[in-house]
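What follows is each chain in one-letter form.
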Amino acid sequence: MKKITVCMDRLCDHHRSQILRAAEAAGYTADFFSTPDDARESAAESEIILADRDALLPYAEQLKWFCASFAGVDHLLRSPYLKESVLLSNSSGAYGVTISEHIVMVILMLLRRQMEYTEIVREHSWKRNLPVRSIRGSRIVIIGTGDIGHETACRLRAFAPASIEGINRSGRGADPAFDRIQSTESLDSLLPEADILIMCIPGTREAYHLMNAERLQRMQKHAMIINVGRGQSLDQEALVGLLKENRLGGAALDVFETEPVPPDDPVWTCPGLLVTPHCSGNTSLGYTVDRIVDLFCEDLERYVQGLPLLRTVDRKLGY
């Protein structure tokens, strides 16, 4: 019987049961592993792999479909072991909830000066008069209008911002969560008015340093930047320079140009910069894993019927 290898370390018993039922209905067996080392032999015999890393690709001699349990696949597309004949899909649509909640958290931490209050409390002080700001009435620009951008816009809408503008490659899309969706070409005109800029775009070639030094300098002195997409889409050195010069209101980075961030990197001590270790999409949130499994089973049904997968990665576009 044809085989599926599942290599994920966050699966619960009900996830395994769900995948087993879907596999059996499709005419497959499914083997489950927590680490790539344990899964190598199974991967070598499998037609389909669902995994949370690419370490099994060198051993997957019979592979026809690789389903990534993550959304960003730029590193996969650079792998010499991912054959052109192999169908590649991701789990876009599973991470919008957890990452959008992270975005709301860090925006509020920046606006409400929580990093500074944490230091005040650590020193057993009682200073409580730091000026704070609100999402209410803010002009928000979200670069990336997919699942993460949509879920973020929905949550921020409840805070009554002045506007939420969406930016994507084409400028197309009808989503009531945004006031407007415009193309990347409109970004330069929006930046001088933005109070909060949120970046949640994949790591494509076109996205490299999309927010470069010139564009960063277009932003208002009080403006804040959140990046949860890919570190390479933002000129990190230029951002740190502007924050040190007090020419931006703050930033929160969950992704970086080099990961892990080196111990001597200036981001660690940069004023006004909230650093998190690429954890906004952490699969410790049970709902995220539920969605990954749901999406895989949905696409597995389509796969055996010969229908296009709903989350196929376009290798030319990079997502």
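So, here's what we can say about the structure.

A few words now on unusual backbone geometry. The omega torsion of the bond from Glu-259 to Pro-260 falls at -5 degrees, within 30 degrees of zero and hence cis. Note on placement: Pro-260 falls in the loop between strand E11 (250-253) and strand E12 (273-275). Of note, His-124 is a non-glycine position whose phi angle comes to about 60 degrees, a positive value. Summarising the element assignment, His-124 is placed in the loop between helix H5 (114-122) and strand E6 (139-143). Residue His-124 is classed as exposed on the basis of its relative accessible area of 76%. Positive phi values are uncommon outside glycine, yet Ala-160 reaches one of about 60 degrees. Relative to the helices and strands, Ala-160 resides in the loop between helix H6 (147-157) and strand E7 (163-168).

Moving on, we come to the sheet that holds strand E3 (residues 48-51). The strand order E2-E1-E3-E4-E5 describes an open sheet built from five strands, whose pairing is parallel. Across the chains shown, the open sheet's two edge strands, defined by having one partner strand only, are strand E2 (28-33) and strand E5 (87-89). The average undirected angle you get between the axes of adjacent strands in this sheet is 15 degrees. Running at roughly 170 degrees to strand E1 (residues 2-7), helix H2 (residues 36-44) makes contact with E1, E2 and E3 of the sheet.

With that out of the way, let us pick up the pattern of salt bridges. Applying the stated rule across the entire model yields 17 salt bridges. A salt bridge links Asp-37 to Arg-40, with the shortest nitrogen-to-oxygen separation between them at 3.1 Å. Placement of both Asp-37 and Arg-40 in helix H2 is noted, with a separation of three residues, approximately one turn of the helix. You can call Arg-40 partly exposed: its relative accessible area is 36%. Residue Glu-298 is joined to Arg-311 by a salt bridge in which the shortest nitrogen-to-oxygen separation is 2.7 Å. Highlighted residues: Glu-298 in helix H10 (residues 286-304) and Arg-311 in the segment after H10, separated in sequence by 13 residues. For Glu-298, a relative accessible area of 35% corresponds to the partly exposed category.

As used in these notes, a disulfide is a covalent bond between sulfur atoms, one from each of two cysteines. Going through the model one piece at a time under the given rule, you end up with zero disulfides. Distance from the sulfur of Cys-12, which forms no disulfide, to the nearest cysteine sulfur (Cys-297) is 14 Å. A residue is classified by how much of its surface remains accessible, and Cys-12, at 38% relative accessible area, is partly exposed. You can see Cys-279 has no disulfide; the closest cysteine sulfur is in Cys-200, sitting 16 Å from it. On the accessibility criterion, Cys-279 (30% relative accessible area) is partly exposed.

Rules behind the numbers
Residues numbered from 1 in each chain as written. Predicted model: local features only at pLDDT ≥ 70, side-chain atom pairs only at ≥ 80, totals over all residues. Heavy atoms only, no water. Helix = DSSP H or I, 4+ residues; strand = E, 2+ residues; numbered from the N terminus. Buried < 20%, exposed > 50% of the residue type's maximum accessible area, 1.4 Å probe, protein only. Pairing = 2+ DSSP bridges. Axes fitted to C-alpha atoms, helices over the stretch in contact; angles between N-to-C directions. Contact = heavy atoms within 4.5 Å. Salt bridge = Lys/Arg side-chain N within 4 Å of Asp/Glu carboxyl O. Disulfide = S-S within 2.5 Å.

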